[in-house]
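Chain by chain, the residues:
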Amino acid sequence: MYSENKSTKRRFVGSYFVSLLSITLVLFVLGMYAFSVVYTDRLLNHLRENIGFEIVIKNNVKEASIEALRDELKKKDYVKSAEYISKEEATKRLEKDLGENFMQWLGDVENPLLPSIDVRLVSNYANSDSMAMVEKWVKSKTIVKEILYQKSLSDTINRNIDKVKTILFFVSVILLIVASTLISHTVRLSIYSKRFTVRSMQLVGATEPFIIKPFLKTFMSQGVIAAIFSLILITLTLVAMNDFMPEISIFNGYRYIIAIYAGVIVLSMILTMLSTIVAMRKYLNADVDKFYM
């Protein structure tokens with residue numbers, strides 16, 4: 001008798017940890033997916049805001065006039081940044097890229113590089129229509145020689161961004177269905193091992209709420225514990241990602257982090273609660289023969 005009780009206890013502990021591990025991994029995947037959606041959007045906005053153009057200024061234009069244009073650009077709602085690059089700064093950058101002083105090969109020839117203004121647009125305006133509008137306005141300035149940018153690049157990037165968002169939406173739906181199914185099956189397996197206990201409680205006249213309550217308490221608390229373990233794994237993963245990709249600034253959006261962490265805990269409680277109620281009702285309403293299947 002002692003050996004049988006010990007074996008049953010061992011199976012219960014094993015079932016509990018398997019269930020805990022399964023729910024933890026599912027919540028970890030869901031949590032990381034939520035972060036991927038948030039930071040993919042941030043990364044895509046960062047990519048959009050790197051779309052810009054270079055305003056090449058005519059030769060021998062006074063620096064004060066160039067700076068006035070730059071300051072005027074900075075005041076525009078659609079401009080994220082506008083940087084004035086003098087002839088000297090352009091020369092230094094080109095020398096750095098080439099790895100040598102190219103001016104020595106020109107001899108007495110005047111520096112052919114022209115001053116320019118490097119403009120980056122706000123993400124919402126990084127499209128061909130907005131850039132065409134800005135281009136028309138900039139070209140009306142008498143000190144501007146030309147504007148350099150890849151006209152098809154913004155449209156290509158925006159089309160790809162829309163595709164990525166559509167894919168992420170469908171993946172989120174599929175992942176939520178898979179997560180719900182996995183947690184439901186995990187809870188059902190755990191309850192299956194106690195199906196005869198459930199049947200015994202029914203035989204002595206216990207009501208459904210009375211039978212369900214201890215199981216509900218057990219599995220919801222298990223869901224919270226699994227959520228805590230998953231959040232620890234998520235945090236460690238985010239720390240590693242932040243070291244690997246610091247430009248995304250993962251830990252700058254604290255409201256997103258708090259919302260996702262709270263969402264993981266709430267979701268774990270809801271999924272385990274619903275799964276427990278559904279699984280318990282299945283066994284409470286099942287025929288006795290099915291208990292041996």
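Residues numbered from 1 in each chain as written. Predicted model: local features only at pLDDT ≥ 70, side-chain atom pairs only at ≥ 80, totals over all residues. Heavy atoms only, no water.

Draft legend 1. Region of interest: the overall build of the protein chain. Looking only at helices and strands, the protein chain features eight helices and four strands. Its helices and strands in sequence order give the protein chain the pattern α-β-α-β-α-β-α-β-α-α-α-α, from N to C terminus. Buried positions account for 35% of the 293 residues belonging to the protein chain. For the protein chain, the exposed surface amounts to about 17,900 Å²; the carbon and sulfur share of it is 62%. (Helix = DSSP H or I, 4+ residues; strand = E, 2+ residues; numbered from the N terminus. Buried < 20%, exposed > 50% of the residue type's maximum accessible area, 1.4 Å probe, protein only. Areas by Shrake-Rupley, 256 points an atom, 1.4 Å probe, with all protein chains shown as cover.)

Draft legend 2. Quick peek at the sheet that holds strand 1 (residues 52-57). Strand order in the open sheet formed by four strands is 2-3-1-4, and the pairing between neighbours is antiparallel. Looking at the sheet topology across the chains shown, the edges are occupied by strand 2 (79-85) and strand 4 (144-148). In this sheet, neighbouring strand axes are inclined to one another by 20° on average, regardless of whether the strands run parallel or antiparallel. The pairing of strand 1 with strand 3 (residues 116-121) spans five bridges and is antiparallel. Residue V56 lies in a different strand from strand 3, and its bridge partner there is S116. Where helix 2 (residues 63-74) meets the sheet, it contacts strand 1, strand 2, strand 3 and strand 4, and its direction lies at approximately 170° from that of strand 2. (Pairing = 2+ DSSP bridges. Axes fitted to C-alpha atoms, helices over the stretch in contact; angles between N-to-C directions. Contact = heavy atoms within 4.5 Å.)

Draft legend 3. Up close: the nonpolar core. Of all hydrophobic cores here, the largest spans 22 residues; its most connected members are F53, I55, L73, I117 and V119. Those elements giving two or more residues to this core turn out to be strand 1, helix 2, strand 2, strand 3, helix 4 (128-139) and strand 4. In this structure, V119 is in contact with G52, F53, I55, L73, V79, S81 and A82, ignoring residues within four places of it in sequence. Judged by nonpolar contacts, the second largest core, of 16 residues, contains F35, V38, Y39 and V264. (Core = buried A, V, L, I, M, F, W, Y, C linked by side-chain atoms within 4.5 Å.)

Draft legend 4. Local environment of the packing of aromatic side chains. Following the criterion strictly, the structure yields one aromatic pair and no others. Consider the rings of F35 and Y261, whose centres lie 6.1 Å apart with planes at 85°: the pair is edge-to-face. In this pair, F35 sits in helix 1 (residues 2-48) while Y261 sits in helix 8 (residues 254-284), placing the two residues 226 residues apart along the sequence. Judged by relative accessible area, which is 2%, F35 ranks as buried. For Y261, a relative accessible area of 19% translates into the label buried. One cation-aromatic arrangement involves K76 over W137; the distance from NZ or CZ to the ring centre is 4.6 Å. (Phe/Tyr/Trp six-rings, centres within 6.5 Å; stacked < 30°, edge-to-face > 60°. Lys NZ or Arg CZ within 6 Å of the ring centre and 35° of its normal.)

Draft legend 5. Seen up close, the packing of helix 6 (residues 195-203) against helix 7 (residues 208-244). Relative orientation of the contacting elements helix 6 and helix 7 amounts to 150°, with a least axis distance of 10 Å. As the angle between them shows, helix 6 and helix 7 are arranged roughly antiparallel. Judged by the twist between their axes, the crossing of helix 6 over helix 7 is right-handed. In this structure, helix 6 contributes V198, M201 and Q202 to the contact, and helix 7 contributes F210, I211 and F215. Of the residues in the contact of helix 6 with helix 7, the class split is five nonpolar, one polar and no charged. (Parallel < 35°, antiparallel > 145°, perpendicular 65-115°, else oblique. Left-handed = near helix turned anticlockwise from the far one by under 90°. Nonpolar A, V, L, I, M, F, W, Y, C, P; charged D, E, K, R; others polar.)

Draft legend 6. The pairing of strand 3, seen in detail. When you tally the buried positions in strand 3, you get five out of six residues, the bulk of the element. Relative to strand 3, strand 2 runs antiparallel, the two sharing six bridges. Residue pairing across strands places S81 opposite R120, the latter belonging to strand 3.

Draft legend 7. Broad picture of the environment of L69. Residue placement: L69 occurs in helix 2. We classify L69 as buried; its relative accessible area is 4%. Along the chain, L69 and I143 lie 74 residues apart, while their C-alpha atoms are 9.0 Å from each other.

Draft legend 8. Representation of unusual backbone geometry within the structure. In this structure, N60 is a non-glycine residue whose phi angle is positive, near 65°. Structurally, N60 is set in the loop between strand 1 and helix 2.

Draft legend 9. Here's a closer look at the pattern of salt bridges. The tally for this structure, following the rule as stated, stands at four salt bridges. For R70, the salt bridge goes to D71, with nearest N and O atoms at 3.2 Å. Between D118 and R120 there is a salt bridge; the shortest N-O distance is 3.0 Å. R120 gets classed as partly exposed once you look at its relative accessible area, which sits at 23%. (Salt bridge = Lys/Arg side-chain N within 4 Å of Asp/Glu carboxyl O.)

Draft legend 10. Looking closely at the side chain of T272. Along the chain, the position of T272 falls in helix 8. Exposure remark for T272: the relative accessible area of 0% places this residue in the buried category.

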